[in-house]
Amino acid sequence: MRIKLIAVGTRMPQWVEQGYKEYAQRMPSLCQLELVEIAAKKRGKNADTVRILRDEAQALKAAIPKGTLTIALDRKGKHLDTQELATNLQNWIDESQDVAILIGGPEGLDPSYLSQVQVKWSLSAMTFAHPVVRVMLAEQLYRAWSINANLPYHRGD
């Protein structure tokens, strides 16, 4: 099974790329983590954000292979703890279910597209800069895998 992290935005700061890469490389081949970057549409003072979000949604949709479970990150989504993520990850592995996790740009994801996505998760009630979310999510996926593999990385409850 594969996990595609599909994120709006390119040319991230080096620390974001390094942080993401650190955890993505730790993932085993049976659940590879792959980053797919979608170019953010140009935003200006009088930008048409409705159109921008719609265009970005189309690009996100095009990057998702058929048969892939699609999860959107959204502040109104379901809150998971790390153990629940580990359980989900193990289920995906057992079912050979490919997964796409979507990270929107500065304004998030297009609301009409969001309503069509199969699953919505929230990482926190707080708002995070979208580049930071890449690193956080990669780390959490590695942590979930380490729990399932009984590695000492996770020392929480």
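Nothing here was measured: the structure is a model prediction, and the numbers come from that model.

Participant: I'd like to hear about the packing of aromatic side chains, residue by residue, with values.
Facilitator: Going through the model one piece at a time under the given rule, you end up with four aromatic pairs. For the pair Tyr23 and Tyr142, a centre-to-centre distance of 6.3 Å together with 40° between the ring planes defines the contact as tilted. Of this pair, Tyr23 sits in helix 1 (residues 14–26) while Tyr142 sits in helix 5 (residues 130–148); the two residues are 119 residues apart in sequence, bridging distant segments of the chain. Taken together, Tyr23, Tyr142, Trp145 and Tyr153 form an aromatic cluster joined through their ring pairs. One cation-aromatic arrangement involves Arg26 over Tyr142; the distance from NZ or CZ to the ring centre is 5.2 Å.

Participant: Tell me about the side chain of Arg134, and name the residues and values.
Facilitator: Relative to the elements of secondary structure, Arg134 occurs in helix 5. Its relative accessible area of 2% is what places Arg134 among the buried residues. A distance of 2.7 Å separates the side chain of Arg134 from the backbone oxygen of Gly9, its partner in a polar contact. What Arg134 contacts, discounting residues up to four positions off in sequence, is Leu5, Ala7, Val8, Gly9, Thr10, Met12, Val16, Tyr20, Leu35, Glu37 and Ile103.

Participant: Give a detailed account of the environment of Ala47, specifying residues and quantitative values.
Facilitator: Looking at where Ala47 falls in the secondary structure, it is placed in the loop between strand 2 (32–38) and helix 2 (49–62). By relative accessible area, Ala47 is classed as partly exposed at 28%. With 37 residues separating them in the primary sequence, Ala47 and Glu84 have C-alpha atoms 39 Å apart.

How each quantity is defined
Residues numbered from 1 in each chain as written. Predicted model: local features only at pLDDT ≥ 70, side-chain atom pairs only at ≥ 80, totals over all residues. Heavy atoms only, no water. Phe/Tyr/Trp six-rings, centres within 6.5 Å; stacked < 30°, edge-to-face > 60°. Helix = DSSP H or I, 4+ residues; strand = E, 2+ residues; numbered from the N terminus. Lys NZ or Arg CZ within 6 Å of the ring centre and 35° of its normal. Buried < 20%, exposed > 50% of the residue type's maximum accessible area, 1.4 Å probe, protein only. Polar contact = N/O pair within 3.5 Å; in protein donor to acceptor, adjacent residues only side chain to side chain. Contact = heavy atoms within 4.5 Å.

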